[in-house]
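# Examination of the molecular architecture
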Amino acid sequence: MFEGVDAMGFDEATPVQEQVIPVALEKRDLIACAQTGTGKTAAYLLPLLHHLASKPEQKIKALILAPTRELVMQIDQQFQGFGYFCGVESVGIYGGNDSAIWDQQRCAIEGGANVLIASPGRLLSHLNLGYVKLDSLEYLILDEADEMLDMGFKEDLEFVLQQMPEEHRSLMFSATMPREIAEIATTYMREHEEITIGTRNAGTENVEHVYYMVKA
């Protein structure tokens, strides 16, 4: 795994990584509230790879949910980079009209992918067909949880959460902390640690926002 970290060009940890990684390595539930661009993805991928690489199995061991196709693909790319030397297999599960993509996702799931990185809607489509087996799942990670709620995925999230085996760890990452996030934590997490980087519900300071006036 250290080879992957080096190959990805990571030299030192960001504040969210410094606080999240030790808690995740202890296999504790947690909620981390930090803005986009602070390094949340590596904060959960590195501990996850550490745990999974020590006991490789051809079963689904982790599920990472993200709100959009683009974020799913981005997380999967980082996972492939960090995990290149670890022998842990992932598959991105996202929507699209290409039937070949659907078949590729199904083959990867049935072939023993260890980590599913998925958008909620497409994951439910696969779940409803009966070949996604989550009984061996050990880790559930919700990335950009507030965005998933804003996009109307609350019922989908709750359905997925209800499918989790009793003995699993939950890690939730969010840029803001709305009431629904606290409700999910109370209902589905156990004695979770809460980490906040910066000011809750504040705007993103390290992302430049630009708009252009154009003629219709």
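Refer to the structure above for everything that follows.
What you see is a predicted model, and the numbers here were worked out from it, not measured in a lab. (Residues numbered from 1 in each chain as written. Predicted model: local features only at pLDDT ≥ 70, side-chain atom pairs only at ≥ 80, totals over all residues. Heavy atoms only, no water.)

The backbone phi angle of Lys27 is positive, close to 60 degrees, even though this residue is not glycine. By secondary structure assignment, the location of Lys27 is in the loop between helix 2 (15-25) and strand 1 (30-33). Lys27 sits in the partly exposed class, given a relative accessible area of 39%. Even without glycine at this site, Glu144 takes up a positive phi of about 55 degrees. Along the chain, Glu144 falls in the loop between strand 5 (139-142) and helix 7 (145-150). Look at Glu144 and you get buried, because its relative accessible area is 10%. (Helix = DSSP H or I, 4+ residues; strand = E, 2+ residues; numbered from the N terminus. Buried < 20%, exposed > 50% of the residue type's maximum accessible area, 1.4 Å probe, protein only.)

Below, the discussion takes up the packing of helix 3 (residues 40-53) against helix 4 (residues 69-82). Direction vectors running N to C along helix 3 and helix 4 enclose 45 degrees, while the axes themselves pass 10 Å from each other. The angle between helix 3 and helix 4 places the two elements in the oblique class. In the crossing of helix 3 with helix 4, the sense of the turn from one axis to the other is right-handed. Facing Thr41, Ala42, Tyr44, Leu45, Leu46, Leu48 and Leu49 of helix 3, the residues of helix 4 in contact are Ile75, Gln78, Phe79 and Phe82. (Axes fitted to C-alpha atoms, helices over the stretch in contact; angles between N-to-C directions. Parallel < 35°, antiparallel > 145°, perpendicular 65-115°, else oblique. Left-handed = near helix turned anticlockwise from the far one by under 90°. Contact = heavy atoms within 4.5 Å.)

Let us look at the packing of aromatic side chains. A ring pair, where both rings are aromatic, is described by two values, the distance of the centres and the angle of the planes. Considering all chains together, one arrives at one aromatic pair under this definition. Measuring from ring centre to ring centre gives 5.1 Å for Tyr44 and Phe173, while their planes differ by 45 degrees; the resulting arrangement is tilted. Taken as a pair, Tyr44 in helix 3 and Phe173 in strand 6 (residues 169-174) lie far apart in primary sequence, 129 residues in all. Neither Tyr44 nor Phe173 differs from the other in exposure class; each is buried. (Phe/Tyr/Trp six-rings, centres within 6.5 Å; stacked < 30°, edge-to-face > 60°.)

To continue, consider the sheet that holds strand 3 (residues 90-93). The strand order 3-4-2-5-6-1-7 describes an open sheet built from seven strands, whose pairing is parallel. Each of the sheet's edge strands pairs with one partner strand only, and the pair in question is strand 3 and strand 7 (193-196). The mean inter-strand angle of the sheet, taken between neighbouring strand axes irrespective of direction, is 10 degrees. Each of strand 2 (62-65), strand 3 and strand 4 (115-118) touches helix 4; the most contacted strand, strand 3, lies at about 170 degrees to it. (Pairing = 2+ DSSP bridges.)

Bringing the side chain of Ser90 into the picture now. In this fold, Ser90 is placed in strand 3. By relative accessible area, which is 12% here, Ser90 ends up buried. There is a polar contact of 2.8 Å between the side chain of Ser90 and the side chain of Gln80. When near neighbours in sequence (up to four residues on either side) are disregarded, Ser90 contacts Asp76, Phe79, Gln80, Val115 and Ile117. (Polar contact = N/O pair within 3.5 Å; in protein donor to acceptor, adjacent residues only side chain to side chain.)

A few words on helix 4. Look at helix 4: 20 Å from first C-alpha to last across 14 residues, which is about the 20 Å you get at 1.5 Å a residue. Within the sequence span of helix 4, burial applies to Leu71, Val72, Ile75, Asp76, Gln78, Phe79, Gly81 and Phe82. (Expected span 1.5 Å × (residues − 1).)

On the secondary structure map, Glu158 appears in helix 8 (residues 154-162). Sequence separation between Glu158 and Ile184 is 26 residues, and the spatial gap between their C-alpha atoms is 8.2 Å.

Below, the discussion takes up the environment of Ile181. Tracing the chain through its elements places Ile181 in helix 9 (residues 179-188). Separated by 32 residues in the primary sequence, Ile181 and Leu149 have C-alpha atoms spaced 8.6 Å apart.

So, about the pairing of strand 3. Look at any regular strand and the pattern is simple: side chains alternate between the two faces of the sheet. Here strand 3 shows a buried face lined by Ser90 and Gly92 and a second buried face lined by Val91 and Ile93. Relative to strand 4, strand 3 runs parallel, the two sharing four bridges. In the strand pairing of strand 4, Val91 is matched with Leu116.

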